[in-house]
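Listed below, chain by chain, are the residues.
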4 protein chains.
Amino acid sequence: MTTLEKRPTAAPDWSAAPTPDSPEAWLARAREVRAILASDAAARDKAAETPYAEVALLKDAGLVTLLGPTAEGGGGQEWPLAYKVVREVAAGDGSVGQLLGYHYLWFWAARLVGTEEQIAAVEADATRNRWFFGGAVNPRDSDVQIRDEGDHIVYSGRKSFSTGSKVSDVTVLEGVLTGTDTHVFAIVPSDQPGITFHDDWDNIGQRLTESGSVTIADVQVPWEAAAGFVDRTFQPRVYNTLNVPTIQLVFVNFYLGIARGALEEAIEYTRTRTRPWLHGGQERAVDEPYQLDLYGDLASKLWAVEALADQVAEEGLAIHHDAAGVTEQQRGEHEVRVAAVKARATDVSLEITSTVFEGLGARATAAALGFDRFWRNVRTHTLHDPVAYKRREVGAFLLRDELPEPTWYS
Amino acid sequence: MTTLEKRPTAAPDWSAAPTPDSPEAWLARAREVRAILASDAAARDKAAETPYAEVALLKDAGLVTLLGPTAEGGGGQEWPLAYKVVREVAAGDGSVGQLLGYHYLWFWAARLVGTEEQIAAVEADATRNRWFFGGAVNPRDSDVQIRDEGDHIVYSGRKSFSTGSKVSDVTVLEGVLTGTDTHVFAIVPSDQPGITFHDDWDNIGQRLTESGSVTIADVQVPWEAAAGFVDRTFQPRVYNTLNVPTIQLVFVNFYLGIARGALEEAIEYTRTRTRPWLHGGQERAVDEPYQLDLYGDLASKLWAVEALADQVAEEGLAIHHDAAGVTEQQRGEHEVRVAAVKARATDVSLEITSTVFEGLGARATAAALGFDRFWRNVRTHTLHDPVAYKRREVGAFLLRDELPEPTWYS
Amino acid sequence: MTTLEKRPTAAPDWSAAPTPDSPEAWLARAREVRAILASDAAARDKAAETPYAEVALLKDAGLVTLLGPTAEGGGGQEWPLAYKVVREVAAGDGSVGQLLGYHYLWFWAARLVGTEEQIAAVEADATRNRWFFGGAVNPRDSDVQIRDEGDHIVYSGRKSFSTGSKVSDVTVLEGVLTGTDTHVFAIVPSDQPGITFHDDWDNIGQRLTESGSVTIADVQVPWEAAAGFVDRTFQPRVYNTLNVPTIQLVFVNFYLGIARGALEEAIEYTRTRTRPWLHGGQERAVDEPYQLDLYGDLASKLWAVEALADQVAEEGLAIHHDAAGVTEQQRGEHEVRVAAVKARATDVSLEITSTVFEGLGARATAAALGFDRFWRNVRTHTLHDPVAYKRREVGAFLLRDELPEPTWYS
Amino acid sequence: MTTLEKRPTAAPDWSAAPTPDSPEAWLARAREVRAILASDAAARDKAAETPYAEVALLKDAGLVTLLGPTAEGGGGQEWPLAYKVVREVAAGDGSVGQLLGYHYLWFWAARLVGTEEQIAAVEADATRNRWFFGGAVNPRDSDVQIRDEGDHIVYSGRKSFSTGSKVSDVTVLEGVLTGTDTHVFAIVPSDQPGITFHDDWDNIGQRLTESGSVTIADVQVPWEAAAGFVDRTFQPRVYNTLNVPTIQLVFVNFYLGIARGALEEAIEYTRTRTRPWLHGGQERAVDEPYQLDLYGDLASKLWAVEALADQVAEEGLAIHHDAAGVTEQQRGEHEVRVAAVKARATDVSLEITSTVFEGLGARATAAALGFDRFWRNVRTHTLHDPVAYKRREVGAFLLRDELPEPTWYS
């Protein structure tokens, strides 16, 4: 019996439901998924089981193909909606929100670095087959080497982190051609003898993201599947480097989703279960002046960062719409804005997930309620790269007209 | 010789220029006005002269008729743009930004409470004649009484605050029909024997807003000019009560404009004049890690609140587009969102205007530079009503489903 | 094999060592205890075993009799040192710091409410026998009733929380004489048939404090052991009500200890294990400007609250030295100061325990390191009573000359 | 007629009163001075008159000789009390608090760098004659050169800042022996032809400190008055470098004094003049929950930093008591602690002086009340050196065991 089967809130049978055909309808679908996930998120956090059922839920709900072509049954939607969907799902379960967000990025990898033919083929296959994407990328550790064997290339090595790959259908693999600085990305089946997951992700937060290490042993990829290579040569363009702002906005949105989850669950608890203070003279917790102040303050802070996240996503959309023409200046200014919202989302999601306890009250620290998972989740992932460098990126642009240098990693 | 004539940056002759015909063009126009105002804002703050020249500048630039009908030569634009224009102007001079924002609200007063005929007449007259509006409203002090003399009504009393009225063409007058709870608004010429300005606004900030007290002595208004009255009876509808969220968004936007003015002037100064720290090992201030961190942090915070201000303005627009149908629930939820952005704009504009000094350095405290005016300006007006009650409004909605009660004042 | 026996850092044999005879020597002893506790605190947090070994450690080190009379082998020390000892122990293990702090308060209970004879007897017995004290008090829930049976009284009921009682030798019991408002405190053996611990403390923090519920069934106490009763009548004096400021300062000090533990362990980790940022150009984490800024900021904040905690403890000492003469005004002003330091300790310990992660970096989120326990610990106990009411107490004193009303609970 | 003569609160005739003979009595004296200064501080801030009368007040009250030997009529007190006196005076008038604090440092200059004979002579003369000290030091600008003319040395050049010198009896002069790195300090009469004050201190805060620039033209000093020189050679010891922590603690204490002045004047105003919010349902401002929260929060923050300032002053006293033996390690660790309290005092004094307005309400922005001066005062002087470097000093000590390098300037 899977975790999903035991869920208090069961998933509907979406196979009979029409595919959502508007952003609003997709958001409604995402909220259904959120509610299902929220109903046992605390228990699953504790259990830390591999989230097969949760990925199945994302597939059943149609969310994994949100960005896929409608001709193949995809949603045909754009990034701003994808980010909002990530936010909703993360409000229900931070780990699953992260898995979905990373999936969208890997799904988009072909667009970022692939040729026109590769893009078309990947999107069709991925959409038709509802592939869930994982990644073994993290180019911070250059420890996957690639041998060139003529018709094909062969990946071997180890990645410290491979978010979602274990529960995925396909994995975006990254390595360096031995003796060069050339990174090659390719999409490979996740379930193959050359890929071994070490199940060693045991961290204080985002516990269900299957972000453990992976060994790659002689994984063979035909040269024609090397993303963006034509005649074994990569033709760079600015759009290739959109990976960082695009995934950083994924981060932002699941942080905000987790914060919203914390805030809304806390509000519900305070309305129904928190007691007024013994000596305060109020009969209901919701009449305590400090409660009104606290929730008003936290919600205001969240709303501001959400608004910036939405605005920056729209700015990014203009770039995605002009993948061929985007300039370094445009890309750089966009990354600066992304850095800003990353900094704000980090601060505000940490503040909210820690401070809601003052609204909840002492009894809400019972381990069974699991209210600490929100803070543990944002605290864990917001360390992906130092937030101080995000503020610095913004400052360097304002004081020195400096654009962030594109990298493969944050 | 007026202050304007002495300006380092002279106003162009806009009478020959085409009226801007897009939001972008209007914003460009507003930025021209901002630059002119910024060039001597510190000196004018010190002098605290009556801003006749500045109001003339707003008229010359066409900004006063931004919301007026195009048929009469107005811009035909909407509130979201008006707010952004207020923000730009306030970045140049906080007082003038406030004057313009209040003008927009008083210009809109007919729409809020008037009959269809009154709206049409006021908008045509105001646009054709480029009226600048002031107000003697502030219903916190019920100290203007109205006598009903049959065909006309007669206002007498005193208002503690009458922002902009002294430099205006027309004033929105408010009073209470003696012996009743009925407030009556009317638009009257500002320059008339019955209206006496006491020039007693000498406050630490927003010094040029002419917000002093005024005495109203037997100002006569025909009944047909009593806004919204038909057969001497006012027909209330929800839209009448949009005054508070609409003016509160004006507040938000000039706070944000002042903050942006402070931030951008500080950046310019730090780039060109601030010295690196003696013992820090940097050759330029812009290479100091603390400078990069500081400006990156402040800009990120500002951008988030600006984004929320924009988003809430769009939400308000939907209500303005449906003045006849807006429900109490819609109005209330909008006011909650406005309260949230007010709370954030207050905190962030205070933080920015105080903290930029750490980027500026000690020499920037010279009185001649006047960098303290930004903080004095936001500190003064953000006390208009207690920000704590804004957080409380948001909290009461979230915890108790409570909608803010409409009032005539904040 | 107990947890203690497995400890990486073994406890020395203090039985041969001389009893510390100065505050400095006691603090050195407390630091030894801290080091022992810290060496496996993360593992014990996860295991959540009953802390028998840890209480034994506190006894072996002589800390439990710190406040006891030297004539009986106690340390003869005062509260300001006791608070500092709590801080040191809490730096090693927040739960054990809380247990020790509560012990000091219960040890002191006789002084607060007892007669001269009771005080002398309890202090002698407790010191000679190295009693560890627990409590089943929490008068928030008036759910222990007392029957008067002539020579003795009989307690029956249930307490939701009974910190440390399960691992204690004696328990301070509290109840209400049925049909009256009279609270009666008495010290009873913890291990007796009428006291049943339910082992239901499973919370996100302070996991080893054994704070679960307890059932009291017909626990008999002779009238002469009813603390402070003479001829079955309680003679109140102001000093009885010192329980709240005294225990609140205990809280403050273990919050500060936990914060210091987090900060110092983080510093050690950053010095030895944290990597510099990939793209930052530094070779060591300790050269990152953001690291210097972060730790400098957090340490400064901690030091300020520690200094206030020390100052307020000295203020309290003057009251303890004048138990017979303390006035309501003196007591009230002291409680106001305690409220202030409680508010600061709450904010700062939460900030430090959450923010040190930015110095630690992503890999420090590994569950095995358990760095989240510091935040979970302070987050849990700082909800004991709403911190908002502490700020309010301070404000009411300053604005209204109002003294906090003494209560049995916070 | 001087400003002093017009004062609403007149100075008593202290010449007949006994010299205070305990710290408590000195603090009571300082509070009398504070009350006199506070009574017209807002008016004097506006007038920006040269503070001759205020310096006379400090002399009349005996505060200028607080640190002088009792044998000569001085108070014979220590630095911790001097800091508290600075705090009290600054609470009444930030500028005068700064003048007094700088005076104490210059008075102490002989102790820091002089020979035993010089120390004895200076302290006797200064105390007997109630000298008020100014300084033309600021070694950031090495622009005063010294010619060696055999028996005497001759100072010529310019100092950008010379706090208090214009209103002083004697000035501590600093320069560099031409062609060397040797700084020479000497005490010279302030009123002499070679010293010209340019009266160019016109800054937004600390307006009465007479911190303008000064020209030094051929000011002659006998070699035997060159502080610390024996046979024209300076014998360095660690204690010479105590200037920075000693003056930085002066800064800390007048920041805290200004913050306390702001807080206490605001409390008084709120108790007596602030109105409750129109729609809040309270009859008195002091019953507003937000008011209680606000003042409780601000006072708690202030108290914590005051406590740290007191604690660090005591730590410094141990060094002053061992001037001959202080090591670099002791000095360095003290400066780290001073840096920490400087960082906290900066943040908290800015927060308090800006935020009290939310308790005061809108009408308190009247220029005549001058409530903005508190913020302007701390905002101005807290830029003396970048506070970011204070946090960095603390961080570098914790992460790298690094001691701050002694300098002549901050």
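Residues numbered from 1 in each chain as written. Chains lettered and ligands numbered in written order. Predicted model: local features only at pLDDT ≥ 70, side-chain atom pairs only at ≥ 80, totals over all residues. Heavy atoms only, no water.

**Some words on the relation of the copies chain C and chain A**
Consideration 1: Superposing chain C onto chain A takes a rotation of 180 degrees combined with a translation of 0.0 Å along the rotation axis, leaving an RMSD of 0.0 Å. The superposition operator between the copies reduces to a two-fold rotation axis. For chain C, the residue whose C-alpha comes nearest the rotation axis is serine 354 of chain C, separated from it by 4.2 Å.
Consideration 2: Comparing interface residues between copies, 100% of those in chain C also sit at the interface in chain A, which points to an isologous, same-surface contact. (Least-squares fit on C-alpha atoms with pLDDT ≥ 70 in both. Contact = heavy atoms within 4.5 Å.)

**Some details on helix α6 (residues 116–128) of chain C**
All names here are of chain C.
Consideration 1: Spanning 13 residues, α6 covers 18 Å between terminal C-alpha atoms, matching the ideal 18 Å at 1.5 Å per step.
Consideration 2: Considered for burial, the residues of α6 that qualify are Gln118, Ile119, Val122, Glu123, Ala124, Ala126 and Thr127.
Consideration 3: Buried residues along α6 sit against α5 (94–113), β1 (133–136) and β5 (183–189).
Consideration 4: Of the residues one or two after α6, arginine 130 is the one with positive phi, at around 50 degrees. (Helix = DSSP H or I, 4+ residues; strand = E, 2+ residues; numbered from the N terminus. Expected span 1.5 Å × (residues − 1). Buried < 20%, exposed > 50% of the residue type's maximum accessible area, 1.4 Å probe, protein only.)

**Brief notes about the domain arrangement of chain A**
All names here are of chain A.
Consideration 1: Domain assignment breaks chain A into domain 1 (4–132), domain 2 (135–234) and domain 3 (238–400).
Consideration 2: Just the C-alpha atoms count here: the centres of domain 1 and domain 2 sit 22 Å apart.
Consideration 3: With 26 residues of domain 1 at the interface, the matching set in domain 2 holds 25 residues.
Consideration 4: Of the roughly 2,100 Å² buried at the junction of domain 1 and domain 2 (both faces included), carbon and sulfur atoms supply 63%.
Consideration 5: Broken down residue by residue, the surface that domain 1 buries against domain 2 is led by Trp106, Val113 and Phe132, which jointly contribute 26%.
Consideration 6: Residue aspartate 169 pairs with lysine 59 through a salt bridge whose shortest N-O separation is 2.7 Å.
Consideration 7: At the surface where domain 1 touches domain 2, the tally comes to 14 residue pairs in polar contact (both at pLDDT 80 or more).
Consideration 8: Secondary structure elements with two or more residues in the side of domain 1 that touches domain 2: α2 (41–47), α3 (52–60), α5 (94–113) and α6 (116–128).
Consideration 9: At eight residues, the largest contribution of residues to the side of domain 1 that touches domain 2 is made by α5.
Consideration 10: When grouped by side-chain class, the residues that make up the side of domain 1 that touches domain 2 number 12 nonpolar, seven polar and seven charged. (Domains from an automatic or database assignment. Buried area = accessible area lost by both parts, 1.4 Å probe. Salt bridge = Lys/Arg side-chain N within 4 Å of Asp/Glu carboxyl O. Polar contact = N/O pair within 3.5 Å; in protein donor to acceptor, adjacent residues only side chain to side chain. Nonpolar A, V, L, I, M, F, W, Y, C, P; charged D, E, K, R; others polar.)

**So, the packing of helix α4 (residues 79–92) of chain B against helix α7 (residues 243–272) of chain B**
Residues and elements named next belong to chain B.
Consideration 1: It is the contact of α4 with α7, at a shortest axis distance of 7 Å, that shows an interaxial angle of 35 degrees. As α4 runs across α7, the sense of the crossing is right-handed. Counted together, Trp79, Tyr83, Val86, Arg87, Ala90 and Ala91 of α4 and Pro245, Thr246, Leu249, Val250, Asn253, Phe254, Leu256, Gly257, Ile258 and Gly261 of α7 form the full contact between these two elements.
Consideration 2: Within the contact of α4 with α7, the residues separate by chemical class into 11 nonpolar, four polar and one charged. (Axes fitted to C-alpha atoms, helices over the stretch in contact; angles between N-to-C directions. Left-handed = near helix turned anticlockwise from the far one by under 90°.)

**Brief notes about the packing of α7 of chain B against helix α9 (residues 328–360) of chain B**
Residue and element names in this part refer to chain B.
Consideration 1: Two elements in contact, α7 and α9, have axes separated by 9 Å at closest approach and are oriented at 20 degrees. Here α9 runs roughly parallel to α7, going by the angle between their axes. In terms of crossing hand, the pair formed by α7 and α9 is left-handed.
Consideration 2: Residues of the contact of α7 with α9, tallied by class, amount to 19 nonpolar, seven polar and three charged. (Parallel < 35°, antiparallel > 145°, perpendicular 65-115°, else oblique.)

**Structural notes on helix α8 (residues 289–320) of chain D**
Consideration 1: The end-to-end C-alpha distance of α8 of chain D is 46 Å, a good match for the 46 Å that 32 residues give at a rise of 1.5 Å each.
Consideration 2: Most of α8 of chain D sits out of view: 26 of its 32 residues are buried.

**Observations regarding the interface of chain C and chain A**
Consideration 1: In this complex, chain C contributes 43 residues to the contact, which on the side of chain A involves 43 residues.
Consideration 2: Carbon and sulfur atoms supply 62% of the area buried between chain C and chain A, which totals about 3,800 Å² over both sides.
Consideration 3: Counting the contacts that link chain C with chain A gives two salt bridges.
Consideration 4: Taking the shortest distance from any N to any O, the salt bridge between arginine 379 of chain C and glutamate 358 of chain A comes out at 3.3 Å.
Consideration 5: Among the elements of the structure, α9 (328–360), α10 (372–381) and α11 (387–400) of chain C are those that each provide at least two residues to the side of chain C that touches chain A.
Consideration 6: Per-element tally for the side of chain C that touches chain A: the top contributor is α9 of chain C, with six residues.
Consideration 7: For the side of chain C that touches chain A, the class distribution of residues is 18 nonpolar, 13 polar and 12 charged.

**Some points on the packing of aromatic side chains**
Consideration 1: Within this structure, the stated rule accounts for 75 aromatic pairs over all chains.
Consideration 2: Considering the side-chain rings of tyrosine 290 of chain B and tyrosine 389 of chain D, the 5.9 Å spacing of their centres and the 80 degrees angle between planes classify their relative orientation as edge-to-face. One end of the pair, tyrosine 290 of chain B, is in helix α8 (residues 289–320); the other, tyrosine 389 of chain D, is in helix α11 (residues 387–400), on a second chain.
Consideration 3: Overall, tyrosine 389 of chain D belongs to the buried group, its relative accessible area being 14%.
Consideration 4: One aromatic cluster is present, built from ring pairs that chain together Phe357 and Trp375 of chain A together with Tyr269, Phe357, Phe371, Phe374 and Trp375 of chain C.
Consideration 5: A cation over a ring is seen here: arginine 337 of chain A above tryptophan 303 of chain B, with NZ or CZ 4.9 Å from the ring centre. (Phe/Tyr/Trp six-rings, centres within 6.5 Å; stacked < 30°, edge-to-face > 60°. Lys NZ or Arg CZ within 6 Å of the ring centre and 35° of its normal.)

**Considering the side chain of histidine 103 of chain C**
All names here are of chain C.
Consideration 1: Within the element layout of this structure, histidine 103 appears in helix α5.
Consideration 2: Assessed through its relative accessible area of 0%, histidine 103 is described here as buried.
Consideration 3: From its side chain, histidine 103 meets the backbone oxygen of valine 64 in a polar contact 2.8 Å long.
Consideration 4: At 3.0 Å, the side chain of histidine 103 and the backbone nitrogen of phenylalanine 133 are in polar contact.
Consideration 5: Apart from the residues lying within four places of it in its own chain, the contact partners of histidine 103 are Val64, Trp131, Phe132 and Phe133.

**Topic: the environment of threonine 346 of chain C**
Residue and element names in this part refer to chain C.
Consideration 1: Take threonine 346: it is sitting in helix α9.
Consideration 2: According to the relative accessible area criterion, threonine 346 is buried, its value standing at 1%.
Consideration 3: Taking the C-alpha atoms as reference points, threonine 346 and glutamate 78, 268 residues apart in sequence, are found 24 Å from one another.

**What about unusual backbone geometry?**
Consideration 1: Positioned with a positive phi, aspartate 218 of chain A is a non-glycine residue whose angle comes to about 55 degrees.
Consideration 2: Among the secondary structure elements, aspartate 218 of chain A is positioned in strand β7 (residues 214–222).
Consideration 3: The residue glutamate 210 of chain B is not glycine, and still its phi comes out positive at about 50 degrees.
Consideration 4: Note on placement: glutamate 210 of chain B falls in the loop between β6 (195–197) and β7 (214–222).

**Structural notes on the pattern of salt bridges**
In a structure, side chains of opposite charge can pair up when their charged atoms sit close to one another.
Consideration 1: A complete count under the given rule lists 146 salt bridges over all chains for this structure.
Consideration 2: Here aspartate 293 of chain A ties to arginine 391 of chain B by a salt bridge, and the two come within 2.9 Å at their closest N and O atoms. Placement of aspartate 293 of chain A in helix α8 (residues 289–320) and of arginine 391 of chain B in helix α11 (residues 387–400) is noted, with the two residues assigned to different chains.
Consideration 3: For aspartate 293 of chain A, a relative accessible area of 24% puts it in the partly exposed group.
Consideration 4: Within the structure, one salt-bridge network assembled from shared partners comprises Arg31, Arg34, Glu88, Arg260, Glu264 and Glu306 of chain A.

**So, the environment of valine 113 of chain A**
Residues and elements named next belong to chain A.
Consideration 1: With respect to the helices and strands, the residue valine 113 is situated in helix α5.
Consideration 2: Residues valine 113 and alanine 217 lie 104 residues apart in sequence; the distance between their C-alpha atoms is 24 Å.
Consideration 3: Sequence-distant contacts of valine 113, that is, excluding residues within four places in its chain, are made with Ala227, Gly228, Phe234, Asn240 and Trp408.

**What about the pairing of strand β5 (residues 183–189) of chain A?**
All names here are of chain A.
Consideration 1: With five of seven residues buried, β5 is to be regarded as a mostly interior element.
Consideration 2: Bridge count for strand β4 (residues 170–177) against β5 is seven bridges, and the pairing is antiparallel. Residue pairing across strands places valine 170 opposite proline 189, the latter belonging to β5.
Consideration 3: Following β4, the chain reverses through five residues before pairing antiparallel with β5; glycine 179 in that reversal takes a positive phi of roughly 80 degrees. (Pairing = 2+ DSSP bridges.)

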